[in-house]
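Overview (structure and organization)
Residue strings, one per chain:
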Amino acid sequence: MTVRRRCSRLASVLPGLTAGALLAASALAAAPATALAQSNCEPAEGQTITDTPWPQEWFDLDRLTPAPRANGVTVAVIDTGVDDDHPQLDGRVLAGQDLIEEEPGPDGRTDCNGHGTAVASIIAAGPSDEVGFVGLAPGAEILPFRVSVQQVETDDRGEEQQRERIPPEPVAEAIRLATDQGARVINISIAFYFSSVEPIRILEDAVNYALERDVVVVAAAGNRKREDGPPDPPAYPAMFPGVVSVGALQSDGARLVETYVGPGVDLLAPGADVVYATPDGRHARGAGTSFAAAFVSGAAALLIASEPELSGPEVVERLVATADPGPGSAISYAPIVNPYRALTGRVADGAPVAVPAPSEPPPDPAAIARAERWERNTRRAVAIMVVAISLTIIGFIGATVWRRGERLGWRPGQRRDPEFPHTTVDEPERVFFSVPTPRQRR
């Protein structure tokens, strides 16, 4: 307990050595069997933060209240240890194990750095009346494994640089121990950038050991985004098949600039201006894929608590299938995890089925009688209209004949020959032979 208390005081003055300065590529190239905790922030000493952080508003945690709080689900945090003295983590942190000493210690609840405590709080911090920050799965139990050690190095200019070096062997051992101790989710907010095959094989064997036993392994995608030059270096264990690789998202919905970009990223989650717990009992803000991975681990714990019968691959499939579209092309970006949809949505396990044609509704006697009555009345109206029109035409013709008969005195009319103008006939022969008509005789 004395060591833990001393480390907590040290963490309050050493601002959580998980800054972007710890991600120097040259240091990693020189030591391929080491990795750095994936946080690109320099968290200051704990402070009082009472407002509700944007990730909690983004996920709308009020909608998750009726859902299981991940009670009974164990989430392993392989990191710098987890300090359980924070009020929001009290009673939520199991013993775990310390794997960085020459003889592994029995307790992982020591965090001289603050990074592991931050990750654990994002997953399982309980509610507090004094602050708006709360973990995504406050009912989960944290199983901490301490695998990192702080080192002070001297650079080329003779200046001391504090770096967080993590060899792969204790991480691999922690993965196996977490699996054997019943963890359903393993969070690894660590990125290894290997230049040789052997360390990769050591870590991959341990990851496969967990995946074969239905454990959901979530890892940070890394903060080594390159704006130009060669492609982004792949980070492990995030790039291993079956591992959920998580990139970081900003509050405006865009990808965090430093986060890895590539087809190996499975999900995005909040990773900028994130509030988390500090070992001194307060809070701080930071950014990086470490924190994004913690949100996905919390979502996985909620889903497992809601449906314990789901296997590890089924949990991953649900998280990816119910995620929201990401801010870009499918090649460069990944979808955004949506815990609410993961809890309420379902994934079809068969081929698409054609929707059958709707069956005809049963006949309605009243509607049929109404239609027959309408048709009968229509026929009757048409007949009356035809008779009326016919009588009108006959009456018009009869009136015309009547007026003409009265004008002629009801005598048969004679057809008048057309009158032609007189023509002067010069030839006497034609006058002699012309026969006058009856009208001319009058």
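Residues numbered from 1 in each chain as written. Predicted model: local features only at pLDDT ≥ 70, side-chain atom pairs only at ≥ 80, totals over all residues. Heavy atoms only, no water.

**What about the packing of aromatic side chains?**
Overall, the coordinates contain four aromatic pairs when judged by the stated rule. Judged by centre distance (5.0 Å) and plane angle (40°), the rings of Y236 and F240 are tilted. Since its relative accessible area comes to 18%, Y236 is described here as buried. By relative accessible area, which is 4% here, F240 ends up buried. Sitting over the ring of Y209, R176 keeps its end group 5.0 Å from the ring centre. (Phe/Tyr/Trp six-rings, centres within 6.5 Å; stacked < 30°, edge-to-face > 60°. Buried < 20%, exposed > 50% of the residue type's maximum accessible area, 1.4 Å probe, protein only. Lys NZ or Arg CZ within 6 Å of the ring centre and 35° of its normal.)

**A short note on the sheet that holds strand β10 (residues 244–249)**
The strands making up a sheet are joined through hydrogen bonds of the backbone, oriented either antiparallel or parallel. Strand order in the open sheet formed by seven strands is β3-β4-β2-β7-β9-β10-β11, with parallel pairing between adjacent strands. At either margin of the open sheet sits one strand with a lone partner, and together these are β3 (97–98) and β11 (267–270). Here β3 pairs with strand β4 (residues 141–146) via two bridges, running parallel. Bridged to Q97 within β4 is F145. (Pairing = 2+ DSSP bridges. Helix = DSSP H or I, 4+ residues; strand = E, 2+ residues; numbered from the N terminus.)

**A closer look at a negative patch on the surface**
A cluster of like negative charges, contributed by D214, E309, E314, E317 and D349, occupies part of the molecular surface. If you trace the backbone, E309 turns up in the loop between α7 (289–306) and α8 (312–321). (Patch = residues over 30% accessible without salt bridge, like charges linked within 9 Å, V, L, I, M, F, W, Y side chains within 5 Å. Areas by Shrake-Rupley, 256 points an atom, 1.4 Å probe, with all protein chains shown as cover. Salt bridge = Lys/Arg side-chain N within 4 Å of Asp/Glu carboxyl O. Lys, Arg positive; Asp, Glu negative; His and termini not counted. Charge placed at Lys NZ, Arg CZ, Asp CG, Glu CD.)

**Some words on the packing of helix α4 (residues 115–124) against α7**
Remark: α4 packs on α7, axes separated minimally by 8 Å, with the N-to-C direction vectors making an angle of 35°. In this structure, α4 meets α7 at a crossing whose hand is right-handed. Seen from α4, the contacting residues are H115, A118, V119, I122 and I123; seen from α7, they are S290, F291, A294, F295, S297 and G298. Broken down by class, the residue content of the contact of α4 with α7 amounts to seven nonpolar, four polar and no charged. (Axes fitted to C-alpha atoms, helices over the stretch in contact; angles between N-to-C directions. Left-handed = near helix turned anticlockwise from the far one by under 90°. Contact = heavy atoms within 4.5 Å. Nonpolar A, V, L, I, M, F, W, Y, C, P; charged D, E, K, R; others polar.)

**Quick notes on a nonpolar patch on the surface**
On the surface, M385, I389, I393, F396, I397 and V401 cluster together into a nonpolar patch covering about 630 Å² of accessible area. Tracing the sequence through the fold places I397 in helix α10 (residues 365–407).

**Some points on the environment of G182**
One can find G182 in the loop between α5 (168–180) and β7 (185–188). A relative accessible area of 42% means that G182 is categorised as partly exposed. With 108 residues separating them along the chain, G182 and T74 place their C-alpha atoms 6.9 Å apart.

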